[in-house]
Amino acid sequence: MTARMTAFSGEGELPRVEGVTLADVAARFGTPCYVYSRAALTSAYQAYRDALAGRDALVCYAVKANSNLAILDVFARLGAGFDIVSGGELARVLAAGGDPGKVLFSGVGKSRAEMRQALEAGIFCFNVESAAELETLNAVALELGRQAPVSLRVNPDVDARTHPYIATGLKSSKFGVPFEAALALYRRAAELPGLAVRGIDCHIGSQLLDPAPAAAAAAKIVGLVDALTADGIDLHHIDLGGGLGIRYRDEAVPTVAEYLAPLLAVMRDRKEQLVFEPGRSLVGNAGLLLTRVELLKHGESKNFAVVDAAMNDLARPALYDAWHAIVNVSGKVSHGGTPAPSRSYEIVGPICESGDFLGHARELSLAPGDLLAVMSAGAYGMAMSSNYNTRPRAAEVMIDGDRMHPIRRRETITELFANESLLP
Ligand SMILES: *Cc1c(COP(=O)(O)O)cnc(C)c1O
């Protein structure tokens, strides 16, 4: 049995997360249901703290990976900062007790209203992604009689060697400002009275398994920082983004310490504060999606297991052809003692799309009513879910030792059309 997920134990009769069996979670909250482990979230964050021990560093959790308030609460209590990409995410961070003074605002299309909201909250820094945004932010800050702390997100033009949809550091990407343009833009920013130049930022992609591209990006950034210093522009922090991958299947994934070591080597003896923006590596392997087998359909060329979770609950397989381990977590009781024959199954949801699958060709012994866990689903799972096919979004539960805390109740059908109206 696979146990790449932290705090998941598939051994023995009753698979569990921390001290709680998944059968108990399903009995109390139903399925589909996202299940998270507080211990796993804590140890993932702690790995960053340990790797950065003795350095002036800020770890800003990238909220978009999973924005549930309870998850933000866990990280806020651990002292984390937050990397946000919208006014909505800022509101979540504040509602969860996050410190606005540790909030970074990233993203290519911040609206004026979002800029105002963040300035009023007193965030740590805006990661500015274009010349136009620099001018707008300056104007908004002056209207409010404030100075906006800014970094430029610089595109180091390195190939992160990841899925093209999640590579963000190439010249052709919509993100950041070109490396060659950065010096002139910093000079412009330094002239604008509504801006206070604070740092520099880069983020080259997601699900990175090799630290070399990030270290190469860091080296380019450091060269730029030195050129800025020579120009009279001193920076307070260097933000090296997020992007560390997790093990979904059998990928060779460096530990946080192994991944950061070459970056920290580049940063040795530097006075600037170090900032990181990890998302997936803090939550991905701290969560799973629990789903029940509705029925089995044995066809001529394929066997299907139709489950009650679908692409609206977990879009990654349909969107990126992503692979998630799928484990039967019913325990040995499920088949009344006689195991069903093991077969190769297409694990599919009820949605009317051929792309609605959670896994292809999975060798599993299944019976209707069995409980399955779709593993490593803590990042970009619930956060990307939708109501497609008028499906209420799943419940979410946080396990803490032997306690289960409902952290989002399942939506009801009437909530799904509560904002709609009939014609007069
Ligand atoms: C998505 C994102 C992150 C987090 O990326 P992960 O791969 O989840 O670590 C960090 N910074 C920015 C700017 C992002 O867009």
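Everything quoted here is computed from the prediction, not taken from an experiment.

A short note on the layout of surface pockets
For step 1, the next point in the chain: Looking at the second largest pocket, its volume works out to about 400 Å³.
For step 2, the next point in the chain: Along the walls of the second largest pocket sit 18 residues, with Thr6, Ile246, Val256, Ser281 and Asn285 positioned nearest its centre.
For step 3, the next point in the chain: Mapped by element, the contributors of at least two residues to the lining of the second largest pocket are α2 (38-51) and α10 (280-283).
For step 4, the next point in the chain: Ranked by the residues each element gives to the lining of the second largest pocket, the list is headed by α2, at 4 residues.
For step 5, the next point in the chain: For the lining of the second largest pocket, the class distribution of residues is 10 nonpolar, 6 polar and 2 charged.

Some words on the sheet that holds strand β3 (residues 20-21)
For step 1, the next point in the chain: Across the sheet, 3 strands lie side by side as β1-β2-β3; this open sheet has antiparallel pairing. Edge positions in the open sheet fall to β1 (8-9) and β3, since each of these has one partner strand only.

Description of the domain arrangement of the protein
For step 1, the next point in the chain: When cut into domains, the protein gives domain 1 (8-37 + 284-416) and domain 2 (106-278).
For step 2, the next point in the chain: One C-alpha centre belongs to domain 1, the other to domain 2, and the line joining them spans 36 Å.
For step 3, the next point in the chain: Each partner contributes to the interface: domain 1 provides 9 residues, whereas domain 2 provides 7 residues.
For step 4, the next point in the chain: For the pair domain 1 and domain 2, the summed buried area comes to about 770 Å², and 58% of that belongs to carbon and sulfur atoms.
For step 5, the next point in the chain: Counting across the interface, domain 1 meets domain 2 through 0 salt bridges.
For step 6, the next point in the chain: Between domain 1 and domain 2 we count 1 residue pair in polar contact (both at pLDDT 80 or more) in total.
For step 7, the next point in the chain: Of the residues in the side of domain 1 that touches domain 2, the class split is 4 nonpolar, 4 polar and 1 charged.

Let's talk about the site of the ligand
For step 1, the next point in the chain: Taken together, 14 residues are adjacent to the ligand, and Lys64, Ser206, Glu277, Arg280 and Tyr380 come closest.
For step 2, the next point in the chain: Glycine 279 is positioned such that a nitrogen or oxygen atom in its backbone is 2.9 Å from an oxygen atom of the ligand.
For step 3, the next point in the chain: Protein contact buries 94% of the 390 Å² of open area that the ligand shows by itself.
For step 4, the next point in the chain: Counted by class, the shell around the ligand contains 3 nonpolar, 6 polar and 5 charged residues.

Rules used in this analysis
- Residues numbered from 1 in each chain as written.
- Predicted model: local features only at pLDDT ≥ 70, side-chain atom pairs only at ≥ 80, totals over all residues.
- Heavy atoms only, no water.
- 1 Å grid on protein atoms, 1.4 Å probe; cavity = no way out; pocket = protein on both sides within 12 Å on 5 of 7 lines; lining within 4 Å.
- Points joined across faces, edges and corners; volume = space filled by probe spheres on them.
- Helix = DSSP H or I, 4+ residues; strand = E, 2+ residues; numbered from the N terminus.
- Nonpolar A, V, L, I, M, F, W, Y, C, P; charged D, E, K, R; others polar.
- Pairing = 2+ DSSP bridges.
- Domains from an automatic or database assignment.
- Contact = heavy atoms within 4.5 Å.
- Buried area = accessible area lost by both parts, 1.4 Å probe.
- Salt bridge = Lys/Arg side-chain N within 4 Å of Asp/Glu carboxyl O.
- Polar contact = N/O pair within 3.5 Å; in protein donor to acceptor, adjacent residues only side chain to side chain.
- Near = heavy atom within 4 Å.
- Areas by Shrake-Rupley, 256 points an atom, 1.4 Å probe, with all protein chains shown as cover.

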